[in-house]
Every structure is written in structure tokens, then in C-alpha cells.
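Results of the structural survey
Here is how the chains run, residue by residue.
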Amino acid sequence: LPAVTSPCKILKCNSEFWAATSGSHHLGAEEAPEFCTALRAYAHCTRRTARTCRGDLAYHSAVHGIDDLMVQHNCSKDGPTSQPRLRTLPPGDSQERSDSPEICHYEKSFHKHSAAPNYTHCGLFGDPHLRTFTDTFQTCKVQGAWPLIDNNYLNVQVTNTPVLPGSSATATSKLTIIFKSFQECVDQKVYQAEMDELPAAFVDGSKNGGDKHGANSLKITEKVSGQHIEIQAKYIGTTIVVRQVGRYLTFAVRMPEEVVNAVEDRDSQGLYLCLRGCPLNQQIDFQTIRSAQATEGRARRKGPSLPAPPEAFTYETATAKCREKLPVEDLYFQSCVFDLLTTGDVNFMLAAYYAFEDVKMLHSNKDKLHLYERTRDLAPGNTAPTGAHPTLWVALLCLCWLCLL
């Protein structure tokens, strides 16, 4: 059965308006009617989704923005609502400012005598699997809305929904990123993505940081339409990659340690998954599987067997499928096998593959690309160089059954 998703389609309205009006704030007076036509279409789109978007902040922001633009451009609310494609920004346009102040370029603000910044990486993908800024790898449940990043410069929140009815296996169905206003560089910007909607613009339709002098130090680039976007926040030295793989979203970020730790009071700060990891009661810990294995064995001897995992993949077919994209049997490979067994959805194999591709692009230490420690609590040195121990796969299969309970 399809996972539950929000019926509010404000992101689609925003994207359509941006596509129709790219560069329109530079149009001459003779093209103003075309802008008004696109604006009326935008208003019509928001009205169609008004009932389902009643509690959505992005929706209310769009409605107020439309009213303001109508007044600014002297647009009539009555008239045609087709959406002609208007001209794009000309070369050298102010949206592509190259003279941003130095403070709006994190790396340039470091002088020659200063040490180069240290970068860290966090990623979330699949069912869901979390790689924290400290290279801890966890498999978590975390159903519902959870903060992924929360510091002085930006907030990231993910919403995870069940993949299958009655299962604790979840995947990311919604992502919200808030870039806070920063000096003369950027205005506050909000980016939202949901299942089947991966916009290439912020919720206000813009693709950069707004009207400030360093606006281009925050920029969205669409790599693959509807599947892959990249956000560059140069003023904080941060790169964010968001993908839609199958129906679900993946997230990856490269961020300087200084930005990661930029919080008012770290000791009293709330939960922040990329920094602190998932709560213990939300982690699926491979080391607890031994007792689960014994429990499952007794259940098989004394009564009806536990529900079997989806029939789409056996252990052998799942490992063979994952080896097609992930030849090294590290935690990304193990996560791929786990997800195929628990969901039966081959897109989770692609999610693990792309997550590792993002690590290769974003992680600053190329010696730490592969991870082998299975849980946060494993004793130091308990690793598997390239081949997983047989008992791990027994545990993995047992875990898959548990996820379906």
C-alpha cells in the first residue's frame, strides 16, 4: 500500500510559478501582462489546494506573497491564467552577483595565516540509516517529524512515515530546510520537499538568497529534474544534496565543524540527529539481535512462526542485487540488503548507492568513506574489512522479521 503523504500541493504551485516567471522581475513594461497572467495562474493554483493546505505555513506565505505582487505590478485579479514561459536571466544578471562581500564566502574569509576549515558530513537515507557528523552509523525507527540539524544558521527537519502497513520500517517522506537570515548575505529562505515533489526553488519561488548584496552565496541548482537538487550555501561553507529515489527522499550535507557546533547552548540544546544520533530507544541495534534470535527460535518451537519478510527478495537475491551497485560489503551494502529484505522495494538499493555516491563527493576524509562498525556501541576494533561475518546475516534476517511486527 502507498505510504500516507500530504495532499497539500503548494510546492507544485510554487515551482510552476517560478518556471513561468524566471527572471521576470527584470522584464520591461511591455511584458508585464505576461507576468500578471502567470501570477493569476499561481493564485488559481493556491485556491485549488486551499482546503488541504489550511495549516501549511508555506501555503499562507505564498498567498500573502501573491497579494503583494498583484499590487506591486498593478495586476488585475480577472483575466487569462495560462502560463507562458518568460525569458530567463541574461548573462551577468544581478542574480548572479560575483562581487559578493567577502563575509558571504566562508572559505575566502579565512586568511592565509589561518588554518583551513575542517568539514564534516551527515547523511540520511533508506529505512532510515543515519551517518552522523562524527561518522557514527545507525539504523533508526524515528517515525514522525525529527530535527536533523539545528544550529545558529539553519534548521533541517525530516518526517519519516511507515513503508509498509504494520511495520516499524520507515523512510523519509518530507524534508524542510530553513536558512536563517545572515548579515548582508541572505534573507531567511525555506526549502520544502515531499514525496513526488522535489522543487528546484525555495517556497517563495526564488532560487537564491533574496535581495541582499550577497544573495548569490545561497543558491539552488537542479541536477536531475524531480530527482536531484543541490543547495550551495557559500556564506556558511555548506553543500546540501537532496534526492528523490523511488517515492522517498535522501539527504546529505557537507558542513564546517565551526558551523556544526554554532549553537547558543550546546548542553541544553534539544535532540539533533546529525550531531547526537538517534535516541537509544529509536535505534535498531545489531547487538541486541542475539537475544531476539533466541526468542524467535523459541517461538518457532513452541508456537506459530513469526511473520516472514516480503517475498520479493530472499537473502541470496538481495545480496546479489546490492552487489550490482555496492561491491564493497560495508555498512552501505548491509543497509541495502536489510532494506530489500524488509521492504521488497529495489529503490532502496538505489538509495544506498546514491547515499554512498554523495559521501564520496562530500566527505573530506577519503580514508573514511567506507564504514564497517555496525552500531555506536561496538567495542573499538570490532570491524569487518570487506566481508561481513556470517552471524551478521543471521542477525540481519532476524531483524527483518522484527521490523514487520
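Residues numbered from 1 in each chain as written. Predicted model: local features only at pLDDT ≥ 70, side-chain atom pairs only at ≥ 80, totals over all residues. Heavy atoms only, no water.

Moving on, we get to the sheet that holds strand β6 (residues 170-179). Spatial strand order, β4-β5-β6-β7: four strands in an open sheet with antiparallel pairing. Looking at which strands have only one partner, the edges of the open sheet turn out to be β4 (144-150) and β7 (189-194). Strand-to-strand twist in this sheet, taken as the mean axis angle between neighbours without regard to direction, amounts to 20 degrees. Direction of pairing for strand β5 (residues 154-162) relative to β6: antiparallel, over a ladder of nine bridges. Paired with P162 across the strands is T170, a residue of β6. (Pairing = 2+ DSSP bridges. Helix = DSSP H or I, 4+ residues; strand = E, 2+ residues; numbered from the N terminus. Axes fitted to C-alpha atoms, helices over the stretch in contact; angles between N-to-C directions.)

Turning our eyes to something else, we now look at the pairing of β6. The element β6 is largely enclosed, with a buried count of eight among its ten residues. Note that β6 and β7 share six bridges and pair antiparallel. Among the inter-strand pairings, F179 is bridged to a residue of β7, identified as K189. (Buried < 20%, exposed > 50% of the residue type's maximum accessible area, 1.4 Å probe, protein only.)

Turning our eyes to something else, we now look at the pattern of salt bridges. Oppositely charged side chains may form a pair once their charged atoms are brought near each other. Summed over the entire model, instances satisfying the criterion amount to eight salt bridges. One salt bridge in this structure joins R247 and D196, with 3.7 Å as the shortest N-O distance. Residue R247 is located in the loop between β10 (238-245) and β11 (248-256), and its partner D196 is located in the loop between β7 and β8 (218-224); the two are separated by 51 residues in the primary sequence. K360 serves as the salt-bridge partner of E357, at 2.8 Å between the closest nitrogen and oxygen. With a gap of three residues between them, E357 and K360 both fall in helix α9 (residues 347-362), about one helical turn apart. Residue K360 is classed as partly exposed on the basis of its relative accessible area of 35%. (Salt bridge = Lys/Arg side-chain N within 4 Å of Asp/Glu carboxyl O.)

Backbone geometry at N74 places phi at a positive 55 degrees, although glycine is not the residue there. Positionally, N74 belongs in the loop between α3 (57-72) and β1 (119-125). The backbone phi angle of D135 is positive, close to 65 degrees, even though this residue is not glycine. Its place among the elements puts D135 in the loop between β2 (129-131) and β3 (137-139).

Here the focus is the pairing of β11. Most of β11 sits out of view: eight of its nine residues are buried. Alignment of β1 against β11, held across six bridges, turns out to be antiparallel. If you follow T120 over to β11, its bridge partner there is M255. Sheet topology places β10 next to β11; seven bridges connect them, and they run antiparallel. The residue of β11 that forms the bridge with V245 is Y248. Two successive antiparallel strands, β10 and β11, enclose a turn made up of two residues, where G246 displays a positive phi of approximately 70 degrees.

For Q244, the location among the structural elements is in strand β10. Only 3.3 Å separates the side chain of Q244 from the backbone oxygen of G246, close enough to count as a polar contact. Ignoring sequence-local partners within four residues, the contact set of Q244 consists of E194, M195, D196, E197, L198, G226, Q227 and L249. (Polar contact = N/O pair within 3.5 Å; in protein donor to acceptor, adjacent residues only side chain to side chain. Contact = heavy atoms within 4.5 Å.)

Moving on, we come to the sheet that holds β3. Pairing within the open sheet is antiparallel, and its seven strands lie in the order β3-β2-β1-β11-β10-β9-β8. Edge positions in the sheet fall to β3 and β8, since each of these pairs with one other strand and no more. Across the sheet, the mean angle from the axis of one strand to that of its neighbour is 10 degrees, orientation sign disregarded. Sheet topology note: the β1/β2 ladder contains three bridges and is antiparallel. Within β2, the position partnered with F125 by the bridge is H129. This element, α9, spans β1, β2, β9 (228-233), β10 and β11 of the sheet and lies at about 165 degrees to β10.

We now examine the packing of aromatic side chains. All chains considered together, the criterion is met by nine aromatic pairs. A network of ring pairs unites the aromatic residues F125, F137, Y332 and F356 as a single cluster. When the ring centre of Y119 is taken as origin, the NZ or CZ atom of R254, which lies over that ring, is 3.7 Å away. (Phe/Tyr/Trp six-rings, centres within 6.5 Å; stacked < 30°, edge-to-face > 60°. Lys NZ or Arg CZ within 6 Å of the ring centre and 35° of its normal.)

Averaged over all residues, the pLDDT of the protein chain is 77; the fraction at 70 or higher stands at 73%. For residues 375-404, every residue scores under 50 in pLDDT, and the model assigns this stretch 76 contacts once sequence neighbours within four places are set aside. (pLDDT = per-residue confidence, 0-100.)

Moving on, we come to the state of the cysteines. Counted by the stated rule, this structure contains six disulfides. One disulfide bridge connects C140 with C278, the sulfur atoms lying 2.1 Å from each other. On the S-S bond that ties C140 to C278, the torsion sits near 100 degrees, and the link is right-handed. Placement of the pair is C140 in the loop between β3 and β4 and C278 in the loop between α5 (273-276) and α6 (289-302), with a sequence separation of 138 residues. Taken individually, C140 and C278 each receive the classification buried, so the pair is uniform in this respect. Each sulfur in the disulfide pair C322 and C336 lies 2.0 Å from the other. Taking the torsion about the sulfur-sulfur bond, which here is approximately -90 degrees, the covalent link between C322 and C336 counts as left-handed. (Disulfide = S-S within 2.5 Å.)

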